[in-house]
Amino acid sequence: MEEDMDEGQTQKGCLECCIKCLGGIPYPSLIATILLYAGVALFCGCGHEALSGTVTILQNYFEVVRSPVDALDVFTMIDIIKYVIYGIASAFFVYGILLMVEGFFTSGAIKDLYGDFKITTCGRCVSAWFIMLTYIFMLAWLGVTAFTSVPVFIYFNIWTICQNTTVLEGATLCLDPRQYGVVPIAEAKTVCAGSEKFYKMCDSNELDMTFHLFICALSGAGIAVLAMIHYLMVLSANWAYVKDACRMQKYEDIKSKEEQELHDIHSTRSKERLNAYT
């Protein structure tokens, strides 16, 4: 009987501990972190593969070759963008962890778990710094979203032309990469509707896959923007909590100091009265 009671108390204690741990999780920061990781993963993964597909299309159907000299051609720019994608993935993985940790330390549930904590000037500066940095990153992701919409628009035009090849019979419509600055003006790398290269490109999997990968990358950038906005709301709420807690902390310090002074005065008077009687 006693063993059953001990086992029941142990299970109850584990359940209460789990409930406290779950209550200590900053769920808004967790949701924002999941959104950020999902958006960054979608943008970086799909963007990287879409750039690789773009290289294949340029080499196979437009016959664009890589410059033998170390010049800034389209392939070099694509390689640079790929390295930028690697940096974005690494940087925002670390930044998501930092924001999650900041959410834990500014959560009111942590105060209930571990008691009162002292809010320092450094802590308030860190919260303000995260708000400013997240706002800058939100603007940066807006720029990335606008930049990613350009290849989506280009591939949408090419894909639309390929889907309407029967309507374009007899039309002299050509795709010229010089219009987008992909190749120098002196190089003519056009692919016209009705040619063999045009039909091969339209029937290939590279065009359809690359187009949809760029759409997924654009969606990932949009999700990252939503994550940054969510983080701004969370950080602003945490900042308000930290500010109120700081004021409450000052009030408690002043109150405890006054109570200590009153206690000291009362003790002094009691000693004086005791000395007077003796």
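All of these numbers come straight from a predicted model, not from anything done at the bench. (Residues numbered from 1 in each chain as written. Predicted model: local features only at pLDDT ≥ 70, side-chain atom pairs only at ≥ 80, totals over all residues. Heavy atoms only, no water.)

1. A word on a negative patch on the surface
- Taken together, Glu252, Glu258, Glu259 and Glu261 make up a surface patch of like negative charges.
- Tracing the backbone shows Glu252 in helix H7 (residues 205–277).
- Owing to a relative accessible area of 40%, Glu252 belongs among the partly exposed residues under this scheme. (Patch = residues over 30% accessible without salt bridge, like charges linked within 9 Å, V, L, I, M, F, W, Y side chains within 5 Å. Areas by Shrake-Rupley, 256 points an atom, 1.4 Å probe, with all protein chains shown as cover. Salt bridge = Lys/Arg side-chain N within 4 Å of Asp/Glu carboxyl O. Lys, Arg positive; Asp, Glu negative; His and termini not counted. Charge placed at Lys NZ, Arg CZ, Asp CG, Glu CD. Helix = DSSP H or I, 4+ residues; strand = E, 2+ residues; numbered from the N terminus. Buried < 20%, exposed > 50% of the residue type's maximum accessible area, 1.4 Å probe, protein only.)

2. A look at the packing of aromatic side chains
- Under the defined criterion, the tally for this structure stands at 12 aromatic pairs.
- Considering the side-chain rings of Tyr37 and Phe93, the 5.6 Å spacing of their centres and the 20° angle between planes classify their relative orientation as stacked. Of the two residues, Tyr37 sits in helix H2 (residues 27–60) while Phe93 sits in helix H3 (residues 74–105), which places them 56 residues apart along the sequence.
- On the accessibility criterion, Tyr37 (27% relative accessible area) is partly exposed.
- Using a relative accessible area of 48% as the deciding quantity, one classes Phe93 as partly exposed. (Phe/Tyr/Trp six-rings, centres within 6.5 Å; stacked < 30°, edge-to-face > 60°.)

3. Remarks on the nonpolar core
- Formed by 52 residues in total, the largest nonpolar core has its most connected members in Phe62, Phe92, Trp141, Phe198 and Met201.
- A total of 13 residues in this core trace back to one element, the largest contributor, which is H7.
- Discounting residues that sit within four places of it in the chain, Phe62 has contacts with Ile57, Leu175, Pro177, Lys189, Val191 and Met201. (Core = buried A, V, L, I, M, F, W, Y, C linked by side-chain atoms within 4.5 Å. Contact = heavy atoms within 4.5 Å.)

4. What about the pattern of salt bridges?
- Summed over all chains, the structure comprises 3 salt bridges.
- In this structure, Glu63 and Lys197 form a salt bridge, with 2.4 Å as the shortest nitrogen-oxygen distance. You can see Glu63 sitting in the loop between H2 and H3 and its partner Lys197 sitting in helix H6 (residues 196–203), a full 134 residues away along the chain.
- Classification of Glu63 by relative accessible area gives partly exposed; the value is 41%.
- Classification of Lys197 by relative accessible area gives partly exposed; the value is 32%.
- Of the charged contacts in the structure, one is a salt bridge between Arg66 and Asp79, with a shortest N-O distance of 3.2 Å. Of this pair, Arg66 sits in the loop between H2 and H3 while Asp79 sits in helix H3, and the two are 13 residues apart along the sequence.

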